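Descriptive analysis of the structure
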Amino acid sequence: MIPKPLIPRMLANRDVEEIMEYYLQQNAIQAAFGFLSALEQAYAHISYYPTSGSLRYSLELNLPGLRTWSLPRYPHIIFYVEQPDHIDIWRILHGQRDLPSWLREISA
């Protein structure tokens, strides 16, 4: 199987920067590096197996193709959509945010 390239949106990149900034401000250097490692592993998995992500929010919010993948040991969720030639990474959000509210905003 050939992996698909991942293309993070600007908001997804900003999410990663904000998460890293938070960990570093908390002087949680190990957590920051662990987050990056978990994100890298999740990206690799999504690249090879894009259909393995959950469709929960896709069905709840009528956003066809929206999938999620949770980071192990971290409370963050990757939101993405598989395209024919790449994976479109929408956001990386904390799982305790009001996710349906945020997703309704972008689908309107």
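As a starting point, this report considers the structure included with it. Fair warning: this is a prediction, and the values are worked out from it, not measured in the lab. (Residues numbered from 1 in each chain as written. Predicted model: local features only at pLDDT ≥ 70, side-chain atom pairs only at ≥ 80, totals over all residues. Heavy atoms only, no water.)

Notes on the packing of helix α1 (residues 10-25) against helix α2 (residues 29-48)
Remark: α1 packs on α2, axes separated minimally by 7 Å, with the N-to-C direction vectors making an angle of 155 degrees. Considered as vectors, α1 and α2 are oriented roughly antiparallel to each other. Of the two elements, α1 crosses α2, and the hand of that crossing is right-handed. From α1, V16, I19, M20, Y23 and L24 reach across to α2, where they touch I29, A31, A32, F35, L36 and L39. Tallied by class, the residues present in the contact of α1 with α2 amount to 11 nonpolar, no polar and no charged. (Axes fitted to C-alpha atoms, helices over the stretch in contact; angles between N-to-C directions. Helix = DSSP H or I, 4+ residues; strand = E, 2+ residues; numbered from the N terminus. Parallel < 35°, antiparallel > 145°, perpendicular 65-115°, else oblique. Left-handed = near helix turned anticlockwise from the far one by under 90°. Contact = heavy atoms within 4.5 Å. Nonpolar A, V, L, I, M, F, W, Y, C, P; charged D, E, K, R; others polar.)

A short note on the packing of aromatic side chains
Scanning the entire structure with this criterion turns up six aromatic pairs. For the ring pair F35 and Y74, a centre distance of 6.0 Å and an interplane angle of 75 degrees mean the geometry is edge-to-face. With F35 in helix α2 and Y74 in the loop between β2 (66-70) and β3 (76-82), the pair connects residues that are 39 residues apart, well separated along the chain. Grouping aromatic residues by their ring pairs yields a cluster made of Y22, Y23, F35 and Y74. (Phe/Tyr/Trp six-rings, centres within 6.5 Å; stacked < 30°, edge-to-face > 60°.)

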